[in-house]
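# Coordinate analysis (summary)
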Amino acid sequence: MQGINQEVNLSILHKKQVTLVVKREDLIHPFISGNKYRKLKYNILEAKQRGLNTILTFGGAYSNHIAATAYAGKLHGIRTIGVIRGEELSQNWMLNPTLMQAHEHGMDFKFISREDYRRRNEKSFLELLGRDLAPYYLIPEGGTNLLAVKGCEEILSPEDADFNVLCSSVGTGGTLAGIINSSLHYQRIIGFPSLKGDFLKKDIRNFTAKENWEINTDYHFGGYAKVSEVLIEFINYFREKTNIPTDPIYTGKLLFGILDLVKNDYFMPGTKILAIHSGGLQGIAGMNLVLKKKNLPLIKV
């Protein structure tokens, strides 16, 4: 995180002769917004084609994927089960805005320990879950699989051919892989992970053969769900100046990172950048509860 300039603002775009446009994927649907809509689209179709009436998936307490899957299930008449990290939540999940919303949209929960949660990709563990939860269609944590990547390949449209740099947040890598797959040969794709570490490159390469992309790990602000006063102030500033809300887990960090790179001459004059707004705004309510407890500034909604 070294080298981040705290005075990041929009005026730098004009000064550096760089264009930034935000693609509002968050406006696709009020509850299944952004990349979650894209990821779920073909998975829902697949579940129906297989005749499976239950979707099982994994997520944390404030997971965008959990919230979106719950509503998608409601919309399509499919039962949804969320396997939630942290068995202690079983006693007070009603106080969690994300889980309460998912419950209102029909999702059932199974709370498991963090130790068991680490086994979520093991075949034996999934078979054990299946004994209790009936036949189900499995969607992995974050929603990333081949069908999710196929859906994310539809994020870009012919009008986006005018941009030479495409930027996106990165969680599990599926959204970025889809963007890479549908990008044009002269376009450069930059992913901004919300997690520490450089391990995502291997995961993304499972879904794409192209090489016109990179991962910038300088703007995670300490890791997943970690924030700072600098980030909160930027999110509120960006909302005030553009009327575009961003979240503290993904898109706030994405846009902060883009503008910081512009300020540091990372992009040539004349560069046209398209930033993908992948949604995730439902998580703001939960984050504000955390910030309030820490006596930190709140994200304006």
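In this text the structure is predicted, and so the values were computed from the model without any measurement.

### As for helix α10 (residues 229-242)
Between its first and last C-alpha, α10 extends 20 Å over 14 residues, near the 20 Å set by a 1.5 Å rise per residue. Restricting attention to buried positions, one finds in α10 the residues Val230, Leu231, Ile232, Phe234, Ile235, Asn236 and Phe238. Just past α10, the residue Asn243 takes up positive phi, approximately 65°.

### Some words on the packing of helix α3 (residues 64-76) against helix α4 (residues 97-104)
With their axes 8 Å apart at the nearest point, α3 and α4 run at an angle of 15° to one another. By the criterion of interaxial angle, the relationship of α3 to α4 is roughly parallel. Here α3 runs over α4; the crossing is left-handed. Contact residues: α3 offers Ile66, Ala67 and Ala70, while α4 offers Thr98, Leu99, Gln101 and Ala102. Looking at the contact of α3 with α4 residue by residue, the class counts come to five nonpolar, two polar and no charged.

### A closer look at the pattern of salt bridges
Opposite charge on two side chains permits them to pair, given that their charged atoms come into close proximity. Within the structure shown, the criterion is met by 13 salt bridges. Note that Lys23 is salt-bridged to Asp160, the shortest N-O span being 3.0 Å. With Lys23 in strand β1 (residues 19-24) and Asp160 in the loop between α7 (146-152) and β6 (165-170), the pair connects residues that are 137 residues apart, well separated along the chain. Side by side, Lys23 and Asp160 carry an identical accessibility label, which is buried. As a salt-bridge pair, Asp108 and Arg79 come within 3.0 Å of each other at their nearest N and O atoms. You can see Asp108 sitting in strand β4 (residues 108-112) and its partner Arg79 sitting in strand β3 (residues 79-85), a full 29 residues away along the chain.

### Let's talk about the packing of helix α2 (residues 34-49) against α3
Following both chains from N to C, one finds α2 and α3 inclined at 45°, their axes separated by 10 Å at the closest point. The orientation of α2 relative to α3 falls into the category oblique. Note on packing geometry: the crossing formed by α2 with α3 is right-handed. The segment α2 lies against α3, with Lys36, Leu40, Ile44 and Lys48 engaging Asn64, His65, Ala68, Thr69, Ala72 and His76. Each residue belonging to the contact of α2 with α3 can be placed in one class, and the counts come to four nonpolar, four polar and two charged.

### Here we look at unusual backbone geometry
One non-glycine residue with positive phi stands out, namely Gln17, at about 60°. Within the fold, Gln17 resides in the loop between α1 (11-16) and β1. If you check the backbone angles, Asn295 has positive phi at about 55° while not being a glycine. Along the polypeptide, Asn295 turns up in the segment after α12 (283-293).

### Considerations on the sheet that holds β3
Pairing within the open sheet is parallel, and its four strands lie in the order β4-β3-β2-β5. Both outer strands of the open sheet, β4 and β5 (137-139), are each paired with one neighbouring strand and no more. The average undirected angle you get between the axes of adjacent strands in this sheet is 20°. In terms of strand pairing, strand β2 (residues 54-59) meets β5 through three bridges, oriented parallel.

### What to know about the nonpolar core
One finds Ile258 and Ile273 to be the most contacted residues of the largest nonpolar core, which totals 35 residues. Those elements that provide at least two residues to this core are α1, β1, β6, β7 (188-193), α10, α11 (251-263), β9 (272-277) and α12. Here this core takes seven residues from α11, the largest share from any one element. Look past the residues within four positions of Ile258 in its chain and what remains in contact with it is Leu20, Cys167, Phe192, Phe267, Ile273 and Ala275.

How each quantity is defined
- Residues numbered from 1 in each chain as written.
- Predicted model: local features only at pLDDT ≥ 70, side-chain atom pairs only at ≥ 80, totals over all residues.
- Heavy atoms only, no water.
- Helix = DSSP H or I, 4+ residues; strand = E, 2+ residues; numbered from the N terminus.
- Expected span 1.5 Å × (residues − 1).
- Buried < 20%, exposed > 50% of the residue type's maximum accessible area, 1.4 Å probe, protein only.
- Axes fitted to C-alpha atoms, helices over the stretch in contact; angles between N-to-C directions.
- Parallel < 35°, antiparallel > 145°, perpendicular 65-115°, else oblique.
- Left-handed = near helix turned anticlockwise from the far one by under 90°.
- Contact = heavy atoms within 4.5 Å.
- Nonpolar A, V, L, I, M, F, W, Y, C, P; charged D, E, K, R; others polar.
- Salt bridge = Lys/Arg side-chain N within 4 Å of Asp/Glu carboxyl O.
- Pairing = 2+ DSSP bridges.
- Core = buried A, V, L, I, M, F, W, Y, C linked by side-chain atoms within 4.5 Å.

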